[in-house]
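Coordinate inspection notes
So you can see what is in the structure, the chains are spelled out below.
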Amino acid sequence: MKDKQVLPDVQPKKSGISRRSFLKTVTGTAAGIGISQMFNPALIQALEKGLERHPVIWIQGQGCTGCSVSLLNSVDPSIADILLKVISLQFHPTVGACEGELAMKHVYEVAREYEGRFSFAIEGAIPVAENGKYCILGEIDHKEISMMDMVQELAPMAGSVLAIGTCAAYGGIPAAKGNVTGATGVMDFFKTKNITTPVVNIPGCPPHPDWIVGSIVHLLENGIPELDYDGRPKLFFGNNIHDNCPRLDDYDEAFMAMSLSDPNGCRMDVGCKGPDTYADCYKRKWNSGMNWCVNNAVCIGCVEPGFPDAMSPFYEPAY
Ligand code: SF4
Ligand code: SF4
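Rules used throughout
- Residues numbered from 1 in each chain as written.
- Chains lettered and ligands numbered in written order.
- Predicted model: local features only at pLDDT ≥ 70, side-chain atom pairs only at ≥ 80, totals over all residues.
- Helix = DSSP H or I, 4+ residues; strand = E, 2+ residues; numbered from the N terminus.
- Buried ≥ 20, exposed ≤ 12 C-beta atoms within 10 Å, placed from the backbone.
- Contact = placed C-beta atoms within 7 Å.
- Core = buried A, V, L, I, M, F, W, Y, C linked by C-beta atoms within 7 Å.
- Domains from an automatic or database assignment.
- Pairing = 2+ DSSP bridges.
- Axes fitted to C-alpha atoms, helices over the stretch in contact; angles between N-to-C directions.
- Expected span 1.5 Å × (residues − 1).
- Arc of directions from axis to C-beta.
- Near = placed C-beta within 6 Å.
- Nonpolar A, V, L, I, M, F, W, Y, C, P; charged D, E, K, R; others polar.

**A closer look at the overall build of the protein**
Within the protein, the regular secondary structure consists of 14 helices and nine strands. When each of the 319 residues of the protein is scored for burial, the buried share is 44%. A separation of at least 24 residues holds for 73% of the contacts in the protein among residues at least 6 apart in sequence.

Okay, here's the thing in structure tokens:
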């Protein structure tokens, strides 16, 4: 693996909260509570005063834009705070004002200017069939640039790569049965091209905004977070949903009575994939902490490699 500098080489300036206290707060609370709660305005101010905004280039291949929409739903910090105080989003295909050849040239200029220091966010799978022709991002001097080309050219220049969403991390829905485009996840693509830039997988269909923001904050403050076997930050994907589910007592009772086909509140009988899934949805919840899948439906294992095929049919009991 290349020895790349992830962070801009900027010395922290003095702020109302010391850098040491900021780091202590970040690392001390991140595991126990959500990023949203820890990332209050005072800490954002400290971050703003202490660091250069981190350059990010965000591109999208085979995806539904749901991951971007999820990030836009970030509440605390708000997307405005993230964009204005935490990162310097140099390109985004959905929210960026710049388009066409100008935008394409800007992407390459930023990559050259911040070589080894920018984060490259990849949303959606990479189609590799037919030399990448199924996803063209733009053109420069009448030469088409495919998703495959851009990833191949820019990923080796990045300090780190964020594979945002299950499609980017593992192929996801575009790579499901009937995949004629050669849809491929980032890490698998890197292996075929000998690209060694560190990758952080942030799966989910879509990923929780805290998982995205939290991973970026960790990159800024502490470098690459500790990852699990599937390349995901343990901070968010380290625990099993079933083991922490509020319906676990119902499951245990049904298991002891050997009646899993009728497990009361547990959703095992209607296909819950919680036992095979690792994420912190049970405590983080969605829509600003209002609800989560198992509350009124089932977990379909959207953060796992092999989703959706490996989890299908969603309604089928796992026992
Ligand atoms: S609802 Fe799902 S995650 Fe919860 S106990 Fe039942 S099987 Fe496990
Ligand atoms: S509960 Fe399961 S299906 Fe729902 S978001 Fe979490 S991992 Fe995905």
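**Re the nonpolar core**
Grouped together as the largest cluster of nonpolar side chains are 77 residues, with contacts concentrated most on I57, I122, A163 and V186. Counting residues per element, this core draws most heavily on helix 10 (residues 209–222), at seven residues. Here this core gathers at least three residues from each of two domains, domain 1 (19–236) and domain 2 (242–311). Setting aside its immediate chain neighbours within four residues, V186 contacts I122, I126, V161, A163, A168, A169 and V199.

**Considering the sheet that holds strand 9 (residues 199–202)**
Across the sheet, which stays open at both edges, the five strands sit in the order 2-1-3-7-9 with parallel pairing between neighbours. The sheet is open, and its two borders are formed by strand 2 (87–91) and strand 9, each paired with just one other strand. Mean inter-strand twist for the sheet, computed between neighbouring axes without regard to direction, equals 25°. Sheet analysis places strand 7 (residues 160–164) next to strand 9, joined by four bridges and oriented parallel.

**Comments concerning helix 6 (residues 100–113)**
Taking 1.5 Å per residue, 14 residues should reach 20 Å; helix 6 reaches 20 Å between its end C-alpha atoms and fits that length. Along helix 6, the positions that sit buried rather than exposed are M104, V107 and A111. Relative to the axis of helix 6, the buried residues are bounded by an arc of 55° and lie together on one face. In helix 6, the exposed positions that point more than 90 degrees away from the buried face belong to L102, E109, R112 and E113.

**Section: the pairing of strand 5 (residues 136–140)**
Sheet analysis places strand 5 next to strand 6 (residues 143–146), joined by four bridges and oriented antiparallel. Across the sheet, residue G138 finds its bridge partner in strand 6, namely I145. Here strand 5 folds back onto strand 6, and the loop between the two strands holds two residues, one of which, D141, carries a positive phi near 50°.

**Here's the deal with the site of ligand 2**
The environment of ligand 2 is formed by 13 residues, the closest being A279, C281, C293, C299 and C302. Among the residues making up the shell around ligand 2, the classes are represented as 10 nonpolar, three polar and no charged.

**Digging into the site of ligand 1**
Every one of the 14 residues lining ligand 1 counts as a neighbour, but H242, C245, C266, C272 and G274 are closest to it. For the shell around ligand 1, a count of residues per class yields 10 nonpolar, two polar and two charged.

**Remarks on unusual backbone geometry**
The step from F307 to P308 runs through a cis peptide bond, and the omega angle for that step is 10°. Looking at the element boundaries, P308 is found in the segment after helix 14 (293–296). A cis amide bond links S312 with the next residue in sequence, P313, at an omega value of -10°. As for its position among the elements, P313 is in the segment after helix 14.

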